[in-house]
Each structure stands twice: as structure tokens, then as C-alpha cells.
Amino acid sequence: MTKAKSGPSDPAPASGAVPLRTASGAPVVVRRSARRKRTVSANWEGGTAVVAIPAHFTAAQELHWVERMLAKLEARTVRQAGPGRTAPGDDALMARAAALSQRYLGGRATPLSVRWVSNQRSRWGSCTPSRRTIRLSNQLQGMPEWVVDYVILHELAHLLVPSHSPAFWAELAGCPRQEEAKAFLNGVSYATSRGLDAGANAGTGMDDDVEE
Ligand SMILES: [Zn+2]
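Residues numbered from 1 in each chain as written. Predicted model: local features only at pLDDT ≥ 70, side-chain atom pairs only at ≥ 80, totals over all residues. Heavy atoms only, no water.

(A) Here's a closer look at the environment of proline 162. Note that proline 162 resides in the loop between α3 (145-160) and α4 (166-171). Considering only alpha carbons, one finds proline 162 and threonine 128, 34 residues apart in sequence, at a separation of 8.7 Å. (Helix = DSSP H or I, 4+ residues; strand = E, 2+ residues; numbered from the N terminus.)

(B) Quick peek at the pairing of strand β6 (residues 133-137). Burial of β6 is extensive: 5 of the 5 residues sit out of reach of the surface. Pairing of strand β5 (residues 125-128) with β6 involves 4 bridges; the strand directions are antiparallel. Counterpart to threonine 128 in the pairing with β6 is threonine 133. Two successive antiparallel strands, β5 and β6, enclose a turn made up of 4 residues, where arginine 132 displays a positive phi of approximately 55 degrees. (Buried < 20%, exposed > 50% of the residue type's maximum accessible area, 1.4 Å probe, protein only. Pairing = 2+ DSSP bridges.)

(C) Geometry of the packing of helix α2 (residues 90-104) against α3. The N-to-C vectors of α2 and α3 enclose an angle of 75 degrees; their axes lie 10 Å apart at closest approach. As summarised for this structure, α2 and α3 are arranged roughly perpendicular, according to the angle between their axes. Residue-level contacts link Leu93, Arg96, Ala97, Leu100, Ser101 and Tyr104 of α2 to Glu145, Val148, Asp149, Ile152, Leu153 and Leu156 of α3. When grouped by side-chain class, the residues that make up the contact of α2 with α3 number 8 nonpolar, 1 polar and 3 charged. (Axes fitted to C-alpha atoms, helices over the stretch in contact; angles between N-to-C directions. Parallel < 35°, antiparallel > 145°, perpendicular 65-115°, else oblique. Contact = heavy atoms within 4.5 Å. Nonpolar A, V, L, I, M, F, W, Y, C, P; charged D, E, K, R; others polar.)

(D) Representation of the pairing of strand β4 (residues 113-117) in the model. Most of β4 sits inside the fold, with 5 of its 5 residues counted as buried. Where burial is concerned, the two faces of β4 agree: the one with Ser113, Arg115 and Val117 and the one with Val114 and Trp116 are both buried.

(E) Highlighting α3. With 16 residues, α3 should reach 22 Å at 1.5 Å per residue; the first-to-last C-alpha distance of 23 Å fits that figure. Buried residues dominate α3, accounting for 13 of its 16 residues. (Expected span 1.5 Å × (residues − 1).)

(F) Representation of unusual backbone geometry. A positive phi angle, near 55 degrees, is found at arginine 132, a position not held by glycine. Structurally, arginine 132 is set in the loop between β5 and β6. A positive phi angle is found at arginine 177, which is not glycine, with a value near 55 degrees. In this fold, arginine 177 is placed in the loop between α4 and α5 (178-191).

Written out as C-alpha cells, the structure reads:
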């Protein structure tokens, strides 16, 4: 939905029948463009959310589309939140996490971001429950899908129970091939000299970290 940017010929910001702030409190500017026929777009310009709409939109259409585009813009921003940049594949990872949460955790684990990271060499995954962010080591890339799925589910379960308590493992009870995945990861940790410390989290089959 990001078509041509508004040019200097655009008329002044439109009527006041629209929210002036985004959900996160950022100012909003609506630009009407005579050159736009159907395309609606929303982008950040500095800290301002700029929504561009065709000049012929009615006030009702403007309200509808501005609200809708601001919601999309905020969702996109949240997905890209957290330290570091969004790498290619993060959208797919997020979708995979959502599917796993739906299938095995009743959809109750709802991360705001799930990202691949390259700076996490001593643990497979990490979770910050207070920010609902999950990071996976890119060392997992290329491992069997069911192993990666286990790590994703493990971190998703930390959104529900931060500690490795019985309640935590109860959340993971439905996770398929869980013991096999733990053994696989322990084997990799043991075999590699990449600094992955298999002993750090003995018994969980995971080297991960939960931050408050
Ligand atoms: Zn854990």
C-alpha cells in the first residue's frame, strides 16, 4: 500500500473529523491528493503518522480509511519493535509462532515480535514476557522443523509462565516430539564448540533466558 509519496502539490491537511493521534499517541496528518484515485497509504514521517487519501473521499470514507490505515501502521511498527532490525524471514517466523500458539497453546501466547538474532550464541531462544518479545538464535536455521517448532513453543510458553516450573511444562504437554527435540538440542550443544553451553540449563533441553 505504499505507492507514490505525496508531492508538494498536495492540498492542505483535510477536515478535523479524524483522530489526531495514533493509539500510541503520535500526531496524525491526513493528506488529500487529487492524483490519488483509490490508493490509500500510511507512513511515518519523523514521529508523525501521515495518511494519504484520494481527494474525492467523503468525510465518512476519510474516517473509515484513516482509522484502518493507522491500525495497520501501528501493527507494522509493533512487529518491527525491539532492539535491532527486522531481518528477512521474521514475518514468516511471526506467522509460524502464531500458528503454533493457536494449535498447541489455545492461542493464549500472543507475542508482539518474534525475531531471528545473530548475537545470541549461548542460548537457543530468549523471551521477555513483560514486552512480549521472543528472539531465536539463527543457529537454529537449518535444523529440522520440529526442533525449531519446539524452541518457538518453549519461548511462547514463557509468555504464559516465565519460570521452568511444573506449570510451565504443563503448558508444553501437547508439544509433539518434545523429548526428541530436547535431546537433539542437547546433542548439538554437546557436539559443537560454538559456545553453546549444554550444561547451563541441564534438564530443560534448552539454553534459553527469560528477562523481566
Ligand atoms: Zn525456558
